[in-house]
Amino acid sequence: MTYDFDKPLSLRGKHVSKYDSISRVYGTDDPDVIPMWVADMDFPAAPAILAALQAEIDLGYMGYFGDNARADRAVANWYKTRHGWDVDPGCVRYTHGVVSGFGDVLATYSAPGDAVIVFSPVYHAFYRQIENMGRKVVESHLVQRDGQFYMDLDALQAALTGREKVVTFCSPHNPGGRIWSVDEIKELAAFCARNDLILLSDEIHMDLTFPGVSFVPTAVAAPECLDRLVVLTAASKGFNVAGAETGLLLAPDAMVRAKVDKVIADRESSPNRFGMAIVCAAFEESADWSDAVRAYLAENNRIFTERMSLIPGVSVMEMQSTYLSWVDFSALGMSDAELLKRHIDAKVAPNPGTQFGTGGAGHMRFNLALPRATMLEAIDRIERAFGDLQ
Ligand SMILES: Cc1ncc(COP(=O)(O)O)c(C=O)c1O
């Protein structure tokens, strides 16, 4: 089947965060601003997902959801066939989004005052969640070599205080789409074992690899760490269904699972029934949509990288996955406020890099999951906005 990702959708005024929150977040009411911030796609969901939702409507029942067995099998089968992890369906749990599952893991394995490690710059909600729960964020700064992020575990080892309980690993990495190698994941697993830390692997972007690139789940790269591993993931990014707020938590070790289960049971909530229908339709029936969207995103990324890299003083991180491009404007010597103002004046709204913690200054994160013509218009605007510097 072919899919038309070029067709613009009319999303303003439809309770779409990236459009309808621009005014609150960026302070502009201009309806012409191109949103390149919130991490979802300006594309309709896969037909099988829409059909599954229609079936729920036809059923006409909106009460609590029960019996996760089909979704458990769909998740396990997807991991096995797409990513090579032969995980027991009995390991799968459901949360109200990945960030909420992140909170469940922190509640299980840390107490207020404990420290939680993140590799910065990284997805901003990690910081918020850790701090809101009274834990302390410890940033381990990613270093850049040859335009790629690398972890510096020696520096992290030297900085440990003994209060650290959990390592938050974003794989693939957001921003910049880095696919961590098997060796890197093994080294991180060994680091966690050495320091008795829980390894929380956020694999929400696993299905957004560019064609020809393989994602390696942490459990596959480092099976030796299963007794301290919790995986958080979702269909939400790969299939553009984030509004369903249905996260997946996989704990392959029985002891880990028992502990997390206690926290989940204390919440006394059942999965979102529409989210469960979506998870099944995505993983059981939408592989070809996923392949098509990945190819489209890869081409958007190729064009964006090529064009943006021609702007003097601007460099773009080479991505292997995701649609969240990490662009370095620091050579221009502008303040972060000026950098953002220039973009907003040009009617383009990316995320300021400072949202992603240390290492984010002088950067912007651009969401490239939009119809190509819209993306090209955004690039034209950025070129003009920075033209006076050339
Ligand atoms: C790494 C990462 N984790 C989690 C999330 C959010 O997950 P959810 O909306 O399911 O809470 C995002 C969204 O961009 C993300 O990039």
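Residues numbered from 1 in each chain as written. Predicted model: local features only at pLDDT ≥ 70, side-chain atom pairs only at ≥ 80, totals over all residues. Heavy atoms only, no water.

## Focus on the overall build of the protein chain
- Within the protein chain, the secondary structure is distributed over 14 helices and 14 strands.
- Against the globule reference of 21 Å for 390 residues, the protein chain gives a C-alpha radius of gyration of 21 Å, in line with a compact fold.
- For the protein chain, the spread of C-alpha atoms along the three principal axes comes to 60 × 60 × 40 Å.
- Burial status across the protein chain gives 56% buried among its 390 residues.
- Within the protein chain, contacts between residues at least 6 apart in sequence are counted, and of these 75% link residues at least 24 apart.
- For the protein chain, the accessible surface area stands at approximately 16,000 Å², while carbon and sulfur atoms represent 52% of it.
- Taken together, the 36 basic and 51 acidic charged side chains of the protein chain have centroids lying 2 Å from each other. (Helix = DSSP H or I, 4+ residues; strand = E, 2+ residues; numbered from the N terminus. Rg over C-alpha atoms; globule rule 2.2 N^0.38 Å. Buried < 20%, exposed > 50% of the residue type's maximum accessible area, 1.4 Å probe, protein only. Contact = heavy atoms within 4.5 Å. Areas by Shrake-Rupley, 256 points an atom, 1.4 Å probe, with all protein chains shown as cover. Lys, Arg positive; Asp, Glu negative; His and termini not counted. Charge placed at Lys NZ, Arg CZ, Asp CG, Glu CD.)

## What to know about the site of the ligand
- Lining the immediate surroundings of the ligand are A39, G97, V98, V99, Y123, C170, N174, D202, I204, H205, K237 and E245.
- With respect to the ligand, the side chain of N174 contributes an N or O atom lying 2.7 Å from an oxygen atom.
- At 2.8 Å from an oxygen atom of the ligand is found a side-chain nitrogen or oxygen belonging to K237.
- For the ligand, the accessible surface in isolation is 400 Å², of which the surrounding protein chains cover 92%. (Near = heavy atom within 4 Å. Polar contact = N/O pair within 3.5 Å; in protein donor to acceptor, adjacent residues only side chain to side chain.)

## Things to note about the side chain of E184
- Turning to its location among the elements, E184 is positioned in helix 8 (residues 182–194).
- With sequence-adjacent residues up to four places away left out, E184 is seen in contact with Y150, M151 and R178.

## Considering the pairing of strand 4 (residues 136–141)
- Sheet topology note: the strand 3 (residues 115–120)/strand 4 ladder contains six bridges and is parallel. In the sheet register, S120 faces strand 4, and the bridge partner there is H141.
- Once you follow strand 3 into helix 6 (residues 125–132) and on to strand 4, the crossover reads as right-handed. (Pairing = 2+ DSSP bridges. Right-handed = clockwise from strand over helix to strand, strands pointing away.)

## Some words on the environment of T161
- Note that T161 resides in the loop between helix 7 (153–159) and strand 7 (164–170).
- Looking at T161, the relative accessible area reads 57%, which means it is exposed.
- Spatially, the C-alpha atoms of T161 and A115 are 8.8 Å apart, while their sequence positions differ by 46 residues.

## What to know about the domain arrangement of the protein chain
- If you check the domain split of the protein chain, you get domain 1 (17–45 + 288–389) and domain 2 (50–285).
- Computed from C-alpha coordinates alone, the two centres of domain 1 and domain 2 are separated by 25 Å.
- At the boundary of domain 1 with domain 2, total buried surface from both sides reaches about 2,900 Å², with 56% on carbon and sulfur atoms.
- A per-residue breakdown of the area domain 1 buries against domain 2 is headed by R294, M317 and Q320, which together make up 24% of the total.
- Linking domain 1 to domain 2 there are one salt bridge.
- One salt bridge connects R82 with D291, and the closest N-O pair in it is separated by 2.7 Å.
- Across the domain 1-domain 2 interface, the total number found is 18 residue pairs in polar contact (both at pLDDT 80 or more).
- Every element with two or more residues in the side of domain 1 that touches domain 2 is listed here: helix 12 (287–309), strand 12 (324–328) and strand 14 (363–367).
- A per-element tally of the side of domain 1 that touches domain 2 places helix 12 first, with 10 residues.
- Taken together, the residues that form the side of domain 1 that touches domain 2 break down as 15 nonpolar, 12 polar and six charged. (Domains from an automatic or database assignment. Buried area = accessible area lost by both parts, 1.4 Å probe. Salt bridge = Lys/Arg side-chain N within 4 Å of Asp/Glu carboxyl O. Nonpolar A, V, L, I, M, F, W, Y, C, P; charged D, E, K, R; others polar.)

## With respect to the sheet that holds strand 7
- The strand order 2-10-9-8-7-3-4 describes an open sheet built from seven strands, whose pairing is mixed. Looking at strand neighbours, the two that pair on one side only are strand 2 (92–95) and strand 4, the edges of this open sheet. The sheet shows a mean angle of 25° between the axes of neighbouring strands, direction not considered.
- Relative to strand 10 (residues 247–250), strand 2 runs antiparallel, the two being bridged by four bridges. Paired with R93 across the strands is L249, a residue of strand 10.
- The strands that helix 4 (residues 69–83) touches are strand 2, strand 9 (229–233) and strand 10; relative to strand 2, the one it contacts most, it runs at about 110°. (Axes fitted to C-alpha atoms, helices over the stretch in contact; angles between N-to-C directions.)

## Looking at the packing of helix 5 (residues 98–109) against helix 6
- Relative orientation of the contacting elements helix 5 and helix 6 amounts to 40°, with a least axis distance of 10 Å. Taken as axis vectors, helix 5 and helix 6 run oblique relative to one another. The handedness of the crossing between helix 5 and helix 6 comes out as right-handed. Residues V99, S100, F102, G103 and L106 of helix 5 pack against A125, F126, Q129 and I130 of helix 6. (Parallel < 35°, antiparallel > 145°, perpendicular 65-115°, else oblique. Left-handed = near helix turned anticlockwise from the far one by under 90°.)

## Some remarks on the sheet that holds strand 1 (residues 34–36)
- Ordered in space as 1-13-14-12-11, the five strands form an open sheet in which the pairing is mixed. With partners counted over all chains shown, the strands left at the sheet margins are strand 1 and strand 11 (315–316), one partner each.
- Of the strand pairs in this sheet, strand 1 and strand 13 (residues 348–352) are connected by three bridges, and their pairing is parallel. Among the inter-strand pairings, I34 is bridged to a residue of strand 13, identified as V348.
- Together, strand 13 and strand 14 form the strand contacts of helix 13 (residues 336–345), whose direction differs from that of strand 14 by roughly 30°.
- Contacting strand 1, strand 13 and strand 14, helix 14 (residues 372–385) runs over the sheet at an angle of about 95° to strand 1.

## Observations regarding the packing of helix 4 against helix 11 (residues 273–285)
- At a closest axis distance of 9 Å, the pairing of helix 4 and helix 11 adopts a crossing angle of 35°. The handedness of the crossing between helix 4 and helix 11 is left-handed. Along the contact surface, helix 4 presents R70, A71, A74, V75 and W78, while helix 11 presents M276, V279, C280, A282, F283 and E284.

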